[in-house]
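Structural characterization, general
For reference, the chains in residue letters:
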There are 2 protein chains.
Amino acid sequence: MQRSGEFELIARYFTPIARRSAASLGLTDDAAIFSQNPGQSCVVTCDALVADVHFRAIDAPETIARKVLRVNLSDIAAMGARPTGVVLTCGYNRDLPEDWIVAFARAFGEDCAHWQVDLLGGDTVSTPGPSFFSLTAMGEVPAENALRRDQAKPGDVVAVTGTLGDAALGLAILQDRVIIADPAHQDFLTDRYWLPQPRLQIGLKASSLGSRIAAMDISDGLAGDIRKITTASNVGVILDQAAIPLSAAGRAATMQDAITWQQVLAGGDDYELLLCGDADDIARLGDDVTVIGTVTDQKDQVLIRGLDGKMAELAKGGFDHFSKS
Amino acid sequence: MQRSGEFELIARYFTPIARRSAASLGLTDDAAIFSQNPGQSCVVTCDALVADVHFRAIDAPETIARKVLRVNLSDIAAMGARPTGVVLTCGYNRDLPEDWIVAFARAFGEDCAHWQVDLLGGDTVSTPGPSFFSLTAMGEVPAENALRRDQAKPGDVVAVTGTLGDAALGLAILQDRVIIADPAHQDFLTDRYWLPQPRLQIGLKASSLGSRIAAMDISDGLAGDIRKITTASNVGVILDQAAIPLSAAGRAATMQDAITWQQVLAGGDDYELLLCGDADDIARLGDDVTVIGTVTDQKDQVLIRGLDGKMAELAKGGFDHFSKS
């Protein structure tokens, strides 16, 4: 069966989602139009995913749709902002069946509703190559409260939300690089890879404190991402390996084989928040946040106190999916 | 020579462009942050281009960079808005040499400066397939002055900026489908294909009148695009073929072979504005705007008075680059 044309695809599957938002003008105009709330600044970010680079082409369309949205909402969370609207470019491989697109659009719409964010517009194109999705997310936050990366100071504590390494372990399971005996652990870890949980509530809580807090989301792994804060803030850090929060499944994996600490320290896709601030302010964020280290005045020096108590430099190991090596 | 990784490419070629804007945070944070000017609403639009679907992969990187920016600025112009910032996703084919990316980034930066628009952020990814570029453009306009498609009323005049058909003829020349004897005409037409001129000044002038004016940009051809206004506004139109503005080169082409009227009526890529409004308001937009018809109360009926004086229905013929047929 021939697939519908661009205009039909948009009209049939995306217009019903966008119609929930007056700003989108029903996707029938040149652009969407919306107003910022008084006192708020606009935050904008963009992340693209390419089949078999950032997701597996064999993954379910629902999974990909949610991931496209959520990795961007995670960036909004990392600014301490509330998401307001998204603009989505879909580049569908020309041989994808329309069923796939239906499932993708439905899941995308449901996830927009779940996170209370409007689909404002977008573009739908066909490509002879791998499918790609590029999403621009917008949010709002009082400018003075935004959680920027350049705000860390010596003496701050370093903290993270949730648990680390789960998503990288989940991907390793899917790629048959790691074997986990417990099926419940397996499912937990692969779910963590498939379905990031943007930490919007904690981000908003942190910005609403009105305190100086540096934040970013961990998309490329703790070891690489922490350096983005140290560089932006002209500081260093000492991390404590024993303090790094692990899920039950992650802990079982590291007990079974210590090499899986590599996934915890340098694996990507967790989309947890990494925060630096006064110990008192971080404590006010509650139980979902775990202190894992302290900020030093040694610019760009990233040290880790290992499980054996010895101090070592933490190699970058950040995931650079653009390198051809 | 191996190409630089994602982070290096961004730092080396895009950060210098973004640094002109405080809002971009130097591309080193999770998101850009900016404030809307008081009384203005935010306009947002998005268009993606894929190699060998929307541009020719053999085109110069400078040409592609400008086109990616300008087709989106054209949508901002069609809302009567002033462009403020853009967010760019680059999906480079993994075999593109770094030279190509350097030339692309330089031209993109220069064109941003030319149109006084800030690069706020973006994403750079690698793809084994055809290169793609997705741009989200933001602008501002007082909400009540925005030029929406649903504002046309019976009795309005229909008008366009510039001249029509040039870009489609330019593409036809590049594809050896049309032969134009005069080399100056050839160059003019191919330039019109390569380098759209977003009609920002006229869009702003139209919105600043504070009058009811419907507008859109002609990206898929007059015949198809006019139907988007008639549908949104519940009206019809009668166009006058003899009134359609042609460039000297376009006129020569239609004189040489009447079949090139097909490019004028249904060819895309001109990015001129199509406007409907009171004759007096349209007249105030000046000499760059030509009246080509009138709005009727016959919903979705698009008629054209031919050069022979006879009335005919104008077939859709809109370019739907997503259809596989």
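Residues numbered from 1 in each chain as written. Chains lettered and ligands numbered in written order. Predicted model: local features only at pLDDT ≥ 70, side-chain atom pairs only at ≥ 80, totals over all residues. Heavy atoms only, no water.

With that out of the way, let us pick up the confidence of the model for chain A. The predicted coordinates of low-pLDDT regions are not to be read in fine detail. All names here are of chain A. Mean pLDDT for chain A: 91, with 96% of residues reaching 70 or above. Confidence drops under a pLDDT of 50 for residues 318-325, and excluding neighbours within four residues, the segment shows 26 contacts in the predicted structure. We note a pTM of 0.90 for the whole complex and an ipTM of 0.86 for its interfaces. (pLDDT = per-residue confidence, 0-100. Contact = heavy atoms within 4.5 Å.)

We now examine the interface of chain B and chain A. The interface of chain B with chain A comprises 69 residues on the first partner and 69 residues on the second. Between chain B and chain A, a total of about 5,400 Å² is buried, with carbon and sulfur atoms accounting for 60% of that surface. Across the contact surface, chain B and chain A share four salt bridges. Salt-bridge contacts for Arg 149 of chain B lead to Asp 29 of chain A; the nearest nitrogen and oxygen are separated by 3.8 Å. If one sorts the elements of the side of chain B that touches chain A by residue count, strand β2 (residues 41-50) of chain B sits on top with nine residues. Taken together, the residues of the side of chain B that touches chain A sort by class into 32 nonpolar, 20 polar and 17 charged. By the bridge criterion, three bridges tie strand β1 (residues 32-34) of chain A to β2 of chain B in an arrangement that is antiparallel. (Buried area = accessible area lost by both parts, 1.4 Å probe. Salt bridge = Lys/Arg side-chain N within 4 Å of Asp/Glu carboxyl O. Helix = DSSP H or I, 4+ residues; strand = E, 2+ residues; numbered from the N terminus. Nonpolar A, V, L, I, M, F, W, Y, C, P; charged D, E, K, R; others polar. Pairing = 2+ DSSP bridges.)

To describe a pair of aromatic rings, you give the distance between the ring centres and the angle between the ring planes. Counted by the stated rule, this structure contains 17 aromatic pairs over all chains. Ring geometry for Phe 55 of chain A against Phe 133 of chain A: centres 6.1 Å apart, planes inclined by 40°, an arrangement best described as tilted. Taken as a pair, Phe 55 of chain A in the loop between β2 (41-50) and α2 (61-78) and Phe 133 of chain A in strand β5 (residues 132-141) lie far apart in primary sequence, 78 residues in all. Arranged with centres 5.7 Å apart and planes meeting at 15°, the rings of Trp 100 of chain B and Phe 104 of chain B form a pair that is stacked. Of this pair, Trp 100 of chain B and Phe 104 of chain B both sit in helix α3 (residues 98-114), separated by four residues, roughly a single helical turn. Of the two residues examined, Trp 100 of chain B and Phe 104 of chain B, each falls in the buried class. Members of the aromatic cluster, each reached through a chain of ring pairs, are Phe 55, Tyr 92, Trp 100, Phe 104, Phe 108 and Phe 133 of chain A. (Phe/Tyr/Trp six-rings, centres within 6.5 Å; stacked < 30°, edge-to-face > 60°. Buried < 20%, exposed > 50% of the residue type's maximum accessible area, 1.4 Å probe, protein only.)

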